[in-house]
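Examination of the molecular architecture
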Amino acid sequence: MSNVLSSVDARTQLVGQNRLELLLFHLGGHQYFAINVFKVQEVMRLPELTKIPDSHPCIRGVCHVRGQTVPVVDLRAAVKMGPMPGDTSECNIIVTEYNMTVQAFLVGGVDRIVNMNWNEILPPPGGAGRQHYLTAITRIDERIVEIIDVEKVLAEISPYEQDLSDDAYDRALLEQVRGKDILIVDDSNVALEQMKLVLGPMGLNIVEARNGLEAYQTLMHWKQEGRDINDRLLMIITDAEMPEMDGYMLTTEIRQDAELKDTFIILHTSLSGNFNKAMVEKVGCNGFLSKFKPHSLAEEVQKLIRLKVEQSAG
């Protein structure tokens, strides 16, 4: 345990190679769950918590970590498995950063870190229940490991502001590209719905893909059809972390394709930090946005549309 707890701070250098590291943990039972190490700041024993009046039922309280006041979310309760059972004094918290906010998740035991390839990470099965809180599954040591959709958990606990006024849209610009394609790529239903709320009023044809491989196959299919992708496709908005093929690898493949290499690509991710911005430059994305910032998304998309219209006119 001590080795796991002390090693989580070491950031993975595997992003961009279609690889990742997962932190495995349980929620008071035998089933193992995981999140990407790259979003983890540290793991520690559950400290003393301060209760917050009128907070969300899944928030156990707040604690102080490295000078920050951090809310502690009962992850078991958040994924509809009921609150963490029994004495929680032996439980751990996983301190994470998503979308430039810091929060901790109360879990049972933390097991270890595993190094994997994204093509070993598969979409979750269909159906009801806990599957709605998964972005993916994988198999480790002949056991199924469920990868939590943390974005969905956080969106339910603290809903994001989604409404945009009509002033956020340049109607004259958008009329010039009405009906053209925009490809959005994400393994989180929450993220896809958020993007569609912003993009829907733009009058574009929104095409969805659930991971980088599915997006790449869509592009290859369009090429086989003889579609003029450079004319029809305005841009791609892609997540970074996805099963089978991540957003960095998708961007790399597109940049190496003679017909697709000039496609506008926005990396739209809950990963934070300068490392991610460096990766954007390395693989050649045209923009980088933190998730669930509707005004920023609308602004960035229209900026690239304006550039594409100018290029076409030139």
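As the structure is a computational prediction, the values presented were derived from the model and not from experiment. (Residues numbered from 1 in each chain as written. Predicted model: local features only at pLDDT ≥ 70, side-chain atom pairs only at ≥ 80, totals over all residues. Heavy atoms only, no water.)

1. A few points about the overall build of the protein chain
The helix and strand tally for the protein chain stands at ten helices and 15 strands. Split into buried and exposed, the 314 residues of the protein chain put 53% on the buried side. Taking the contacts inside the protein chain whose residues are at least 6 apart along the sequence as the reference set, 66% of them involve residues at least 24 apart. Of the accessible surface of the protein chain, which amounts to about 14,100 Å², a share of 48% is contributed by carbon and sulfur atoms. (Helix = DSSP H or I, 4+ residues; strand = E, 2+ residues; numbered from the N terminus. Buried < 20%, exposed > 50% of the residue type's maximum accessible area, 1.4 Å probe, protein only. Contact = heavy atoms within 4.5 Å. Areas by Shrake-Rupley, 256 points an atom, 1.4 Å probe, with all protein chains shown as cover.)

2. Details of the environment of aspartate 141
Structurally, the position occupied by aspartate 141 is in the loop between β9 (134-140) and β10 (143-148). Within the structure, the side chain of aspartate 141 is placed 2.4 Å from the side chain of arginine 112, a separation counted as a polar contact. (Polar contact = N/O pair within 3.5 Å; in protein donor to acceptor, adjacent residues only side chain to side chain.)

3. Looking at the pairing of strand β6 (residues 92-98)
The element β6 is extensively covered by neighbouring structure, given that six of its seven residues are classed as buried. For strand β3 (residues 40-45) and β6, the ladder comprises five bridges, and the chain directions are antiparallel. For arginine 45, the partnering residue across the bridge sits in β6 and is asparagine 92. Summarising the sheet, β6 and strand β7 (residues 101-107) pair through seven bridges and their orientation is antiparallel. Paired with valine 95 across the strands is alanine 104, a residue of β7. Counting the residues between successive antiparallel strands, the hairpin from β6 to β7 contains two residues, one of them, asparagine 99, with a positive phi of roughly 50°. (Pairing = 2+ DSSP bridges.)

4. Some details on unusual backbone geometry
For arginine 66, which is not a glycine, the phi torsion comes out positive at approximately 50°. Structurally, the position occupied by arginine 66 is in the loop between β4 (59-65) and β5 (68-74). Positive phi, normally seen in glycine, also occurs at glutamate 244, with a value near 70°. Mapped onto the secondary structure, glutamate 244 falls in the loop between β13 (233-238) and α8 (247-255). Classification of glutamate 244 as partly exposed rests on a relative accessible area of 26%.

5. Observations concerning the confidence of the model for the protein chain
Do not read the fine detail of predicted coordinates wherever pLDDT is low. The share of residues in the protein chain with pLDDT of 70 or more is 90%, and the mean pLDDT across the chain is 87. Least confident of the elements in the protein chain is helix α1 (residues 2-7), whose mean pLDDT is 42; most confident is strand β11 (residues 181-185), at 98. In the model, residues 1-12 has pLDDT below 50 throughout and makes 28 contacts with residues more than four positions away in sequence or in other chains. (pLDDT = per-residue confidence, 0-100.)

6. Structural notes on the sheet that holds strand β14 (residues 265-269)
Ordered by their spatial adjacency, five strands build an open sheet running β12-β11-β13-β14-β15, and the pairing between neighbours is parallel. In this open sheet, the two edge strands, each paired with only one partner strand, are β12 (205-209) and β15 (287-290). Mean inter-strand twist for the sheet, computed between neighbouring axes without regard to direction, equals 20°. Relative to β15, β14 is paired through four bridges, and the arrangement is parallel. By the bridge assignment for β15, histidine 268 is matched with leucine 289. (Axes fitted to C-alpha atoms, helices over the stretch in contact; angles between N-to-C directions.)

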